[in-house]
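# Geometric and topological summary
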Amino acid sequence: MDITGIAKSYQTYSQKTGKASSKKEWKLSDSLREKITEYAREDAAQNVYMGNKFLALRKSEVAKVAPDRAALMGKVSQEMADMKTIREADRRWLCLLFGEPYEAEFQSEGTGSAVHVYDGNGDEVLTYTAGVGWHEKESKAETQVHGALKAAYYDAFRAARQDAVEAQGGFDARA
């Protein structure tokens, strides 16, 4: 997907298993773009960049493409009491635990043991490390949605500010 929000449904293939998984992409619709423009104009009038309405909208849109990390963490918490249990689990069992399209692998080399959880695109979305706990990582899909929304907002905010400058005779007292 590019910054314009043009998206298509397609199949991705896991590099680890070679299995295909169907993935529906998020799209920046015209109605969503209009809502962003409305929020940007309101924010520009109040001299606020990325106000609460836009931030809430962005959070809800990103959630549409985000993996259900809470469910993934819950599966590990239910099934594994400690890193000893995780160490004894093989990769196939970890993949079965998380379910399609997720994959997991156990790392025991280096400074400590960890479980890495990957989404269907091969992006690492969670890491569990003994003594530290869970660390969430943003997927490429989430990053793309953030970027598209912020770009649309920026363009609308800048246009609203420019309209205000022109209405005041070319002088921006807020700049």
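Described in the following lines is the structure provided in the data block. This one's a predicted model, so the numbers in the text were calculated from it and none came from an experiment.

### Some points on the overall build of the protein
Tallying secondary structure elements over the protein gives six helices and six strands in all. Scored against the burial criterion, the 175 residues of the protein give a buried share of 37%. In the protein, the share of contacts with a sequence separation of at least 24, taken over all contacts with a separation of at least 6, comes to 45%. By element, 50% of the accessible surface of the protein is carried by carbon and sulfur atoms, the whole surface being about 10,600 Å².

### Quick look at the pairing of strand β6 (residues 133-136)
Bridging between strand β5 (residues 124-129) and β6 involves four bridges; their strand directions are antiparallel. The residue bridging Leu126 from the neighbouring strand is Glu136, located in β6. Between β5 and β6, which follow one another and run antiparallel, lie three residues, and Gly131 among them has a positive phi close to 85°.

### Considering the pairing of β5
Across five bridges, the pairing between strand β4 (residues 114-118) and β5 is antiparallel. Residue pairing in the sheet places Val117 in a bridge with Leu126 of β5. Hairpin remark: β4 followed by β5, antiparallel, with five residues in the connecting loop; positive phi at Gly122, about 90°.

### Concerning the packing of helix α2 (residues 52-63) against helix α6 (residues 140-167)
Across the interface, α2 lies against α6 with an axial gap of 9 Å and an inter-helix angle of 150°. By the criterion of interaxial angle, the relationship of α2 to α6 is roughly antiparallel. The handedness of the crossing between α2 and α6 comes out as right-handed. Contacts between α2 and α6 pair Phe54, Arg58, Glu61 and Val62 from the former with Glu142, Val145, His146, Leu149, Lys150 and Tyr153 from the latter.

### Thoughts on α2
For α2, spanning twelve residues, the distance from its first C-alpha to its last is 16 Å, which sits close to the expected 16 Å at 1.5 Å a residue. The set of residues buried in α2 consists of Phe54, Leu57, Arg58, Glu61 and Val62. Across the axial projection of α2, the buried residues extend over an arc of 130°, all falling on one side. For α2, the exposed residues set more than 90 degrees away from the buried face come down to Asn52, Lys59 and Ala63. In this fold, the buried residues of α2 make contact with α1 (30-45) and α6.

### What to know about the nonpolar core
Within the largest apolar cluster, 21 residues are counted, with the highest numbers of intra-cluster contacts made by Trp26, Leu28, Leu32, Ile36, Phe54, Leu149 and Tyr153. Listed by contribution, the elements that provide at least two residues to this core are α1, α2 and α6. With sequence-adjacent residues up to four places away left out, Leu32 is seen in contact with Trp26, Leu57, Glu61 and Leu149. Counting residues in each nonpolar core, the second largest holds six residues, with Leu72, Met73, Val115 and Val117 among its members.

### Here's the deal with unusual backbone geometry
Excluding glycine, residues mostly have negative phi values, and the peptide bonds linking residues are mostly trans. Not every positive phi belongs to a glycine, and Asn47 is a case in point at roughly 60°. Here Asn47 is to be found in the loop between α1 and α2. The exposure class assigned to Asn47 is partly exposed, which follows from its relative accessible area of 42%. A positive phi is found at Met50, a non-glycine position, where the angle reads about 60°.

### Some points on α1
Every α-helix carries 3.6 residues per turn, so stepping three or four residues along brings you back to the same face. For α1, built from 16 residues, the straight-helix expectation of 22 Å at 1.5 Å per residue is met to within 8% by its first-to-last C-alpha distance of 23 Å. Among the residues of α1, those classed as buried are Leu32, Ile36, Tyr39, Ala40, Asp43 and Ala44. Take α1 and look down its axis: the buried residues cluster within an arc of 135°, on one side only. What points out from α1, more than 90 degrees from its buried face, is the exposed set Asp30, Ser31, Glu34, Arg41 and Ala45. Once α1 ends, the next one or two residues include Asn47, with phi positive near 60°.

Definitions and cut-offs
Residues numbered from 1 in each chain as written. Predicted model: local features only at pLDDT ≥ 70, side-chain atom pairs only at ≥ 80, totals over all residues. Heavy atoms only, no water. Helix = DSSP H or I, 4+ residues; strand = E, 2+ residues; numbered from the N terminus. Buried < 20%, exposed > 50% of the residue type's maximum accessible area, 1.4 Å probe, protein only. Contact = heavy atoms within 4.5 Å. Areas by Shrake-Rupley, 256 points an atom, 1.4 Å probe, with all protein chains shown as cover. Pairing = 2+ DSSP bridges. Axes fitted to C-alpha atoms, helices over the stretch in contact; angles between N-to-C directions. Parallel < 35°, antiparallel > 145°, perpendicular 65-115°, else oblique. Left-handed = near helix turned anticlockwise from the far one by under 90°. Expected span 1.5 Å × (residues − 1). Arc of directions from axis to C-beta. Core = buried A, V, L, I, M, F, W, Y, C linked by side-chain atoms within 4.5 Å.

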